[in-house]
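Report on the structure
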Amino acid sequence: MGNLIISRGTGRMLGVIKDGKTLEFSIVNTDRGDFCLQLFYQGETRKNKKIVLKEDFLIGNIYSVRVEFPATVDTNKVEYQYLWNKKPVKDPYARKVIGRERWGNPLKSTCRYGISADEFDWKEDKKPNIPFDDLIMYQLHVRGYTKHKSSKVQYPGTFCGLMEKIPYMKELGINGILALPIYDFEECIPQREELGTLFAKNKEAETSNNQVPRYLKNPIADKKYGSLPEDQIVKEELSPKLNYWGYGASAAYFAPKASYAATTAETELKELVYRCHKAGIEFYMDVFFPAGTNQTYIRDFFRYWILEYHVDGFRFNENVVERNYMIQDPVINSVKLFTTTWNNMPEENRYQTQGTLSMLPKRKTSAEMNEGFQQTMRRFLKSDEGMISDFLYRFVYNPVDYGIINFMANANGFTMTDMVSYDVRHNEENGENDQDGTEYNYSWNCGAEGVTRKRSINRLREQQLRNAWVMLLLSQGTPMILAGDEFGRTKLGNNNSYCQDNKVSWLNWKHSDRDLRQLEYVKKLIAFRKNHPIFHKKTQFRNSDYLICGMPDISYHGKELWKPDFSVYSRSIALYLCGEYAQKPDGSREDDLYLIYHMFWESDTYALPEPKEGYHWVCKVITGQSSLDHVAQDDIIDGQSVLMQPRSIAVLALEKM
């Protein structure tokens, strides 16, 4: 490295600051002892320079040292490590981890770090700042989204691969991506050796050692399992189990995941965010903090990713993060924050001011991940009794103070296709004897468990999925789609695929005719939602005539007008959405819309409100039909009534004749 000029640093930022040929290293250490910084050059195994960190480098409890390198040294290739009493210690603010460039490669040590790449040219990057009521979210796993060979991207499983799919996502209609952890987590989870069994659910998956997960190979015989075939008895190798999702593992929270990059992770991720913004798509990070994580560290994490990577928001675990502390920060409260609940936020924290300047934004920046929506809608979908009131609550739920994120499926649980294909979880390949994952899936297999050739069951499943899409996309709040659900993604009944880095978790982009029908349906339903602002109002329905126009904003009906059935046995409800309470994008009055949710298993007839003179009811959506292009009006509308087929939904608009 040549002669280095070493001096005391400023301690103004933890981690490493690069300034031309000068690097400033800063780390907190309250324990006194033999503490030193070792410098290496890229690829070198022996140390090139050892700097003993004495009290001369202390600023409070921060050791900070400036190192000026000769002009011939490329500081991007400098690597470093801290030793305390001759043992490697982690730098929690490290921007780059050495040795994690290859996915699934277990490390003996994770305490050697690199220097973040040079400044990225953001040009005139502008965050989309999309209001919650206009947002369509999309949850995905960066590796799994394009890892399958059918994705046909140049660099599968990477940020680059995801960039290639931006046009697809834009065409689909989404404008917000929620990515599972993309900071540099440790994906290899050491496991204790223990015996287990693989349970084959069908002949295709039976007893083949090739289908045993990689970390469960080396079948052996054992007296305890003597009655089982040898190839059904396995022992875990010393190679660790994979933490595919990225939650709960040792992590370098300030470093983008190197194995998700085809080139340099820092530059590639910034380019991804930049291209998303250019396409009008926001980019959010999913993050999990272990219990006891320092709140200042969490605050620094949020600020760093917002300022350095232009991230638009975060989903985090509120059992660790002090939400009300975070939202006081003027940088953090400028982006979207997603967590399980916001409805118990103290009133004084919502509108607190300092002098004459507001500390908190007046627009919605916080949102609740509404798991209750998933549970209620799934139960209503499969015709559970006593669900009408709960359904209506979830349909209109749209508070003033915070956003609501609705979903029918997320990464942890059944996909939407599996929701209508399996009654119970099938997590055998996770290696935990099918004891992991929730037992409460609120699913119904429509008559057969898993894949079937019975046409009647497959037709019913397709219709149930169309029902589910209408429930999700035409309810108030912000809908979130689990990536791949739009074209029938399945995980073969696995509702806890945290360790499945294979075709169970990867999206298969080779579509059947059925997949393509569903994809087209979802695209057009998203467009239908966007074209009708009454489905994504800024304020919640009141069920009152507050405009004094002769109709409430929303009213409830049954088979007869103004007679909704809220009994425990009821599986149906009709909703009248009055167009006076919303405006279309061009400023014109919204259409009056009539929605009929008929989850009963027999056909029935529903009365229609009498249209005003010169208008008639036109059916826009009927889930009993597979397309939104050619809805056969005469098949369902007869004068002033609508014939509803079993387990179907209809959406009608009042239009001029």
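Quick summary incoming for the structure in this document. As the structure is a prediction and not an experimental result, all values here were calculated from the model.

About the thresholds
Residues numbered from 1 in each chain as written. Predicted model: local features only at pLDDT ≥ 70, side-chain atom pairs only at ≥ 80, totals over all residues. Heavy atoms only, no water. Helix = DSSP H or I, 4+ residues; strand = E, 2+ residues; numbered from the N terminus. Buried < 20%, exposed > 50% of the residue type's maximum accessible area, 1.4 Å probe, protein only. Contact = heavy atoms within 4.5 Å. Areas by Shrake-Rupley, 256 points an atom, 1.4 Å probe, with all protein chains shown as cover. Salt bridge = Lys/Arg side-chain N within 4 Å of Asp/Glu carboxyl O. 1 Å grid on protein atoms, 1.4 Å probe; cavity = no way out; pocket = protein on both sides within 12 Å on 5 of 7 lines; lining within 4 Å. Points joined across faces, edges and corners; volume = space filled by probe spheres on them. Nonpolar A, V, L, I, M, F, W, Y, C, P; charged D, E, K, R; others polar. Axes fitted to C-alpha atoms, helices over the stretch in contact; angles between N-to-C directions. Parallel < 35°, antiparallel > 145°, perpendicular 65-115°, else oblique. Left-handed = near helix turned anticlockwise from the far one by under 90°. Pairing = 2+ DSSP bridges. Expected span 1.5 Å × (residues − 1). Polar contact = N/O pair within 3.5 Å; in protein donor to acceptor, adjacent residues only side chain to side chain. Phe/Tyr/Trp six-rings, centres within 6.5 Å; stacked < 30°, edge-to-face > 60°. Lys NZ or Arg CZ within 6 Å of the ring centre and 35° of its normal.

Broken down by element type, the chain carries 13 helices and 34 strands. Here the chain, with 657 residues, has 56% of them falling under the buried criterion. The long-range share in the chain, meaning contacts at least 24 apart out of those at least 6 apart in sequence, stands at 74%. With an accessible surface of roughly 29,300 Å², the chain has 48% of that area assigned to carbon and sulfur atoms.

Our next topic: the pattern of salt bridges. For the structure shown, the criterion picks out 27 salt bridges. When the shortest N-O distance is used, the salt bridge between Arg143 and Asp501 registers 2.9 Å. Residue Arg143 is located in helix α1 (residues 142–146), and its partner Asp501 is located in the loop between β26 (478–482) and α12 (513–531); the two are separated by 358 residues in the primary sequence. Summarising the burial analysis for this pair, Arg143 and Asp501 share the class buried.

This paragraph deals with the layout of surface pockets. Put simply, the second largest pocket is a space of about 870 Å³. Elements supplying a minimum of two residues to the lining of the second largest pocket: α10 (416–419), α11 (455–473) and α12. In terms of residue class, the lining of the second largest pocket is made up of ten nonpolar, 13 polar and ten charged.

Moving on, we get to empty space enclosed by the protein. Going through the model one piece at a time under the given rule, you end up with five cavities of 30 Å³ or more. Size it by volume and the largest cavity reaches roughly 130 Å³. Along the wall of the largest cavity there are 16 residues; nearest its centre are Leu140, His141, Ala411, Leu482 and Arg489. When residues of the lining of the largest cavity are traced back to their parent elements, those giving at least two are β11 (137–140) and α1. Along the lines of polarity and charge, the residues of the lining of the largest cavity split into nine nonpolar, five polar and two charged.

Here the focus is the packing of α11 against α12. Orientation of α11 relative to α12, taken along the N-to-C sense of each, is 20 degrees, at an axis distance of 10 Å. Here α11 lies roughly parallel to α12, going by the angle between them. Like other packed secondary-structure pairs, α11 and α12 cross with a definite hand, here right-handed. Where α11 approaches α12, its residues Asn458, Glu462, Leu465, Arg466, Trp469, Val470, Leu472 and Leu473 are matched on the opposing element by Arg514, Arg517, Gln518, Tyr521, Val522, Leu525, Ile526 and Arg529. The residue inventory of the contact of α11 with α12, partitioned by class, reads nine nonpolar, two polar and five charged.

With that settled, the discussion passes to unusual backbone geometry. Phi is positive for Asp434, which is not a glycine, with a value near 60 degrees. With respect to the secondary-structure elements, Asp434 resides in the loop between α10 and α11. The residue Asn543 is not glycine, and still its phi comes out positive at about 60 degrees. By the element assignment, Asn543 lies in the loop between α12 and β27 (554–557).

Moving on, we come to the pairing of β26. Counting buried residues along β26, five of its five residues qualify, which places the element largely inside the surrounding structure. Across three bridges, the pairing between strand β25 (residues 403–407) and β26 is parallel. Across the sheet, the residue bridging to Phe407 is Met480, located in β26.

Here we come to the environment of Ile404. Counting through the fold element by element, Ile404 comes out in strand β25. Judged by its relative accessible area of 1%, Ile404 is buried. Separated by ten residues in sequence, Ile404 and Arg394 have C-alpha atoms that sit 9.9 Å apart. Excluding its chain neighbours within four sequence positions, the residues that come into contact with Ile404 are Glu368, Asn370, Tyr397, Pro399, Gly477 and Thr478.

Our focus in this paragraph is the sheet that holds strand β24 (residues 366–370). An order of β11-β12-β19-β20-β21-β24-β25-β26 is seen for the eight strands of this closed barrel, with the pairing classed as parallel. Averaged over all adjacent pairs, the angle separating strand axes in this sheet is 25 degrees, with direction ignored. Relative to strand β19 (residues 282–286), strand β12 (residues 176–179) is paired through four bridges, and the arrangement is parallel. The partner of Leu178 across the bridge, within β19, is Tyr284. Relative to the sheet, helix α5 (residues 295–309) contacts β19 and β20 (313–315), its axis offset from that of β20 by approximately 140 degrees. Strands β25 and β26 of the sheet are contacted by α11, whose axis makes an angle of about 140 degrees with β26.

With that out of the way, let us pick up α5. The end-to-end C-alpha distance of α5, which contains 15 residues, comes to 21 Å, matching closely the 21 Å that a straight helix rising 1.5 Å per residue would cover. Buried within α5 are the following residues: Gln295, Tyr297, Ile298, Asp300, Phe301, Phe302, Tyr304, Trp305, Ile306 and Tyr309. Contacts made by the buried residues of α5 are with β13 (183–185), β18 (251–256), α4 (265–278), β19, β20 and α6 (323–326). Where α5 begins, the side chain of Asn294 points an oxygen toward the backbone nitrogen of Thr296, at a separation of 2.8 Å. Taken from the residues just after α5, His310 is the one with a positive phi, measuring 60 degrees.

Attention now goes to the packing of aromatic side chains. Inspection of the entire model under this criterion finds 50 aromatic pairs. Sitting above the plane of the Tyr309 ring, Lys270 keeps its charged end 5.0 Å from the centroid. The lysine or arginine in question, Lys537, covers the ring of Phe541, its NZ or CZ lying 5.3 Å from the ring centre.

A word on α12. Here α12 is 19 residues long and its end C-alpha atoms lie 27 Å apart, about the 27 Å a rise of 1.5 Å per residue gives. Listed as buried for α12 are Asp515, Gln518, Leu519, Tyr521, Val522, Lys523, Leu525, Ile526, Phe528 and Arg529.

Another aspect to go through is the sheet that holds strand β30 (residues 604–607). The strand order across the open sheet built from three strands is β30-β33-β32, with neighbouring strands paired in antiparallel fashion. Two strands in the sheet have a free side with no partner beyond their single neighbour: β30 and β32 (637–638). Relative to strand β33 (residues 641–644), β30 is paired through four bridges, and the arrangement is antiparallel. By the bridge assignment, Tyr606 is partnered in β33 with Val642.

Within the secondary structure, His310 is located in the loop between α5 and β20. In terms of polar contacts, His310 uses its side chain to reach the side chain of Asp125, at 2.6 Å.

Closest axis-to-axis distance for the α4/α5 pair is 10 Å, and the angle between their directions is 75 degrees. Classified by the interaxial angle, the pair formed by α4 and α5 is roughly perpendicular. Contacts between α4 and α5 pair Glu266, Leu269, Lys270 and Val273 from the former with Trp305, Glu308 and Tyr309 from the latter. Here the contact of α4 with α5 is composed, by residue class, of four nonpolar, no polar and three charged.

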